[in-house]
Amino acid sequence: MQQIEPKISPDENKTSNQSRRKKKGKKKLKIFYGSQTGKAQSFAETLAYEYDLRGYGTEVVNLKDYDPEDNLVEENNNGNICVFIISTYTDGQPPEGATWFYKWLTDTAADFRVQKTLLKGFYYTVIGLGNSLYQDNYCTVAKQLDKSLHELSGTRFSETTFCDENTVQSKHGGLEADFAAWRDWFWKKAQPALNGRKVKDCSKKCDGKCACVKPGDGEDGEGAACSSDECSSDEEILFESTSEEEIEVEKDVEKPNKTNKKQTQTKTKPKTSPKTGVVDLEDLGFIMKKAKAKQKEETGESRQMITPVLRASLEKQGYKLIGSHSGVKLCRWTKSMLRGRGGCYKHTFYGIESHRCMETTPSLACANKCVFCWRHHTNPVGTEWKWEMDDPETLIQGALRNHTKMINEFKGVPGVIPERFAEGMTPQHCALSLVGEPIMYPEINKFIDLLHDKQISTFLVTNAQFPDAIRDLSPITQLYVSVDASTKESLKKIDRPLFKDFWTRFTDSLTELSNKGQRTVYRLTLVKEWNTEEIENYAKLVDLGKPDFIEVKGVTYCGESKASSLTMQNVPWHEEVIYFVNKLTDLLTDYEIASEHEHSNCLLLAHKKLKVNGEWWTWIDYPKFHQLMSEYRNSNGKNTFTTNDYMARTPSWAVFGAKERGFDPLETRYHRKKQKDISGC
């Protein structure tokens, strides 16, 4: 995770030592966080570090370790200003570590036996982290947290702010950018209060006509808020909420119950003269910002999918990024076969040459946030294309250039077979399964055609959320649909889809798959204790999509991830995968187990139409496919072809039950110890 740099000006840095000596009389900034992936914790630590450099007392608290029943009421007595940074997890629930705090607070706020003045004098602000693509669940935990604190008479130090992971809808271009903008704003608000000054709300009592401290006055050269004794308000609060920034952030916030006028902050519109229509200079910035936002909406200006933070994260993981939304990465099986150490399961099942396979994607974005995502959710998410778009030619050229460049790095590496190194410089297969949802790319058909023009076969994986795109997809070598669960409830739990109508989209996608003429595959990922008990429901889904093949693979443990609760306990043994497949086969009259790749913990069921005279023909005749594809395009789609037109015989060592268990006998197997397997197709 990239560290966010604290924003300290040179003048502030020079005076930080003096500031530390002036802590007497200053309030303390206490920052609470609830985090699932570590992002909220990172933000909290950054904020604390920044204010510590400025000379203020700070404390960072994990809500998992905090007992609100014993401590929350005491925060006001200790003179603390509290900031809550919290994310929203699946189904609008709080992060696991913040569950108890959240439950206690919401229950306390709803308990009629508890005095509603429990938190009177408690000053707080809430920062919500989320993704607006989840619509109804967007930052719901932050909203409810703010509501409950306010119902117990807590005073909003500033309005609740949302940081949006959705770069398209985000006000500043992403989660980190939103948080950085909030920090700038919060510093202007917080400095007078942290210095111990009493600030009163004069927004209604004196209409701003009292002897307010002017900017430049005050202890540290800041003093835009009213502190005059002319204010008639008896309720001491920290800030009036009439700034353009607060107006901007408040529009998405759930409005509080205005039961206490003294504690309710107000919003004001830009002031204009009723006679002249002249706008006050102080409100000009607000109007200009709104005008720019409207202009951007009207012109349809798009943002880049890959933000600077995302770029740094993906490049650190070894991705070679192409343009603004694509990437390529070298699969570990490509490296393995270059050295004669075995190919991936696609080599065993379908006869691809792993050392000649390029793994890429034209879209890093996805419509799901699966619990077993091997990329730990570093890629963006979205339900439709709203980003800048690069042309297919640029993406193909960039993918091939970067792929061959990575292959070239193996020149002279011990064990690399020279013939395979030379072959690897000319890819013949493309696995469109790197990350994200490739079918989202608006020019996916042209992208595929360009690959076929170069005699490169195509293996595309989709997450079954775009049925129309599946319907309109040009013929490809082999089309995969991920079937991660067999019921609506388990699919929501495992894939965590963004679409509200995800189940309808899922079943419609399977139906569209049955209408494709070329090779189709169901990809089932077994997650022990999550989806391994739904065999009968899986059988019903097979009848819906009628795939040529069904790949059943045990989930790969990708290491500890705060974005997922999976552990090694959720990884089924190979014998357990075989048991599941046998049970599934018993319910499917048209399918049998055809192949196995023990090393990948994967089995292949094939339709009996691919069994000719007692022999399996699951492999692909790649030259024949390209010939058929050329004829199809030259005839404008009139010369169609089917799965059986380009099938090839499966070698005996790749058939289920063979002693090799899917490992090519021409390769040399190496057993690795204590190494994480975090890549592949």
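Parameters and conventions
Residues numbered from 1 in each chain as written. Predicted model: local features only at pLDDT ≥ 70, side-chain atom pairs only at ≥ 80, totals over all residues. Heavy atoms only, no water. UniProt positions renumbered as here; feature names shortened; annotations may be inferred. Helix = DSSP H or I, 4+ residues; strand = E, 2+ residues; numbered from the N terminus. Buried < 20%, exposed > 50% of the residue type's maximum accessible area, 1.4 Å probe, protein only. Contact = heavy atoms within 4.5 Å. Areas by Shrake-Rupley, 256 points an atom, 1.4 Å probe, with all protein chains shown as cover. Salt bridge = Lys/Arg side-chain N within 4 Å of Asp/Glu carboxyl O. Expected span 1.5 Å × (residues − 1). Pairing = 2+ DSSP bridges. Axes fitted to C-alpha atoms, helices over the stretch in contact; angles between N-to-C directions. Core = buried A, V, L, I, M, F, W, Y, C linked by side-chain atoms within 4.5 Å. Phe/Tyr/Trp six-rings, centres within 6.5 Å; stacked < 30°, edge-to-face > 60°. Lys NZ or Arg CZ within 6 Å of the ring centre and 35° of its normal. Disulfide = S-S within 2.5 Å.

- The protein appears in an unreviewed UniProt entry as S-adenosyl-L-methionine-dependent tRNA 4-demethylwyosine synthase TYW1 from Patella caerulea.
- The annotation that UniProt attaches to the protein under Cofactor (unreviewed entry) is "[4Fe-4S] cluster".

### Here's the deal with the overall build of the protein
Stage number 1. Looking only at helices and strands, one finds 22 helices and 20 strands in the protein.
Stage number 2. A total of 681 residues make up the protein; the buried ones form 56% of that total.
Stage number 3. Intrachain contacts of the protein at a sequence separation of at least 6 include 76% that bridge at least 24 residues.
Stage number 4. Carbon together with sulfur atoms contributes 48% to the accessible area of the protein, which is approximately 31000 Å² in total.

### Points about the pattern of salt bridges
Stage number 1. All told, the structure shown has 24 salt bridges when counted by the stated rule.
Stage number 2. Between R54 and E50 there is a salt bridge; the shortest N-O distance is 3.0 Å. The two residues R54 and E50 agree in class, both being buried.
Stage number 3. One salt bridge connects D468 with R471, and the closest N-O pair in it is separated by 3.3 Å. With D468 and R471 both in helix 17 (residues 467-472), this residue pair falls 3 residues apart, about one helical turn.
Stage number 4. Each of K28, K30, E59 and E75 takes part in salt bridges that share partners, so that together they form one network.

### Details of helix 7 (residues 140-151)
Since the α-helix packs 3.6 residues into each turn, any two residues three or four apart lie on the same face.
Stage number 1. Its 12 residues give helix 7 an end-to-end C-alpha distance of 16 Å, which sits within 8% of 16 Å, the value for a rise of 1.5 Å per residue.
Stage number 2. With 9 of 12 residues buried, helix 7 is to be regarded as a mostly interior element.
Stage number 3. Among the residues of helix 7, T140, V141, A142, K143, L145, D146, S148, L149 and H150 are the ones counted as buried.
Stage number 4. For helix 7, the elements touching its buried residues are strand 3 (80-87), helix 6 (99-110), strand 4 (123-130), strand 5 (155-156) and strand 6 (161-164).
Stage number 5. Downstream of helix 7 by one or two residues, S153 has phi in the positive range, about 75°.

### Describing the sheet that holds strand 13 (residues 519-526)
Stage number 1. Pairing is mixed across the open sheet formed by 10 strands, whose spatial order is 7-8-9-10-11-12-13-14-16-15. Each edge of the open sheet is held by one strand with a lone partner, namely strand 7 (320-322) and strand 15 (591-597). With direction set aside, neighbouring strand axes in the sheet form an average angle of 25°.
Stage number 2. Across 3 bridges, strand 8 (residues 326-329) lies against strand 9 (residues 357-361) in antiparallel orientation. If you follow K329 over to strand 9, its bridge partner there is E359.
Stage number 3. Helix 14 (residues 392-408) contacts strand 7, strand 8 and strand 9 of the sheet and is inclined by roughly 165° relative to strand 7.

### A short note on unusual backbone geometry
Stage number 1. With phi around 55°, C139 is a residue other than glycine that occupies positive phi space.
Stage number 2. Examined against the element boundaries, C139 turns out to sit in the loop between strand 4 and helix 7.
Stage number 3. Taking relative accessible area as the criterion, C139 reaches 1% and is therefore assigned buried.
Stage number 4. Look at R661: it is not a glycine, yet its phi comes out positive at around 55°.
Stage number 5. Structurally, R661 can be placed in the segment after strand 20 (647-648).

### Some points on the pairing of strand 16 (residues 602-607)
Stage number 1. For strand 16, the tally of buried residues reaches 5 of 6 residues, placing the bulk of the element in the interior.
Stage number 2. Pairing of strand 14 (residues 549-554) with strand 16 involves 5 bridges; the strand directions are antiparallel. Residue K553 lies in a different strand from strand 16, and its bridge partner there is C602.
Stage number 3. Relative to strand 16, strand 15 runs antiparallel, the two being bridged by 6 bridges. The residue of strand 16 that forms the bridge with Y591 is H607.
Stage number 4. What sits between the antiparallel neighbours strand 15 and strand 16 is a turn of 4 residues, in which N601 has the positive phi angle 55°.

### Quick look at the nonpolar core
Stage number 1. Of all hydrophobic cores here, the largest spans 75 residues; its most connected members are V483, Y522, L524, I550, V552 and F580.
Stage number 2. The dominant element in this core, judged by the number of residues it contributes, is helix 14, at 6 residues.
Stage number 3. Excluding residues that lie within four positions of it along the chain, V483 makes contacts with F506, L510, Y522, R523, L524, T525, Y538 and L541.

### Structural notes on the packing of aromatic side chains
Stage number 1. Here the structure, examined in full by the defined rule, presents 29 aromatic pairs.
Stage number 2. Seen from their ring centres, F625 and F641 are 6.1 Å apart, and the 70° between their planes marks the pair as edge-to-face. Of this pair, F625 sits in helix 22 (residues 622-634) while F641 is found in the loop between helix 22 and strand 20, placing the two residues 16 residues apart along the sequence.
Stage number 3. Through a chain of ring-to-ring contacts, three or more aromatic side chains come together here, namely F43, Y51, Y56, F157, F179, W182, F186 and W187.
Stage number 4. Its guanidinium or amino end placed over the ring of Y51, R54 lies 5.6 Å from that ring's centre, counting from NZ or CZ.
Stage number 5. Lying across the ring of Y319, K329 places its NZ or CZ 5.1 Å from the centre.

### Considering the state of the cysteines
Stage number 1. Scanning the model with the defined rule gives 0 disulfides in all.
Stage number 2. Here C139 stays free of any disulfide, with the sulfur of C163 as its closest cysteine sulfur at 7.7 Å.

### Side note on the pairing of strand 6
Stage number 1. Burial of the side chains of strand 6 extends over both faces: T161 and C163 are buried on one face and F162 and D164 on the other.
Stage number 2. Pairing between strand 4 and strand 6: 4 bridges, direction parallel. For G128, the partnering residue across the bridge sits in strand 6 and is F162.

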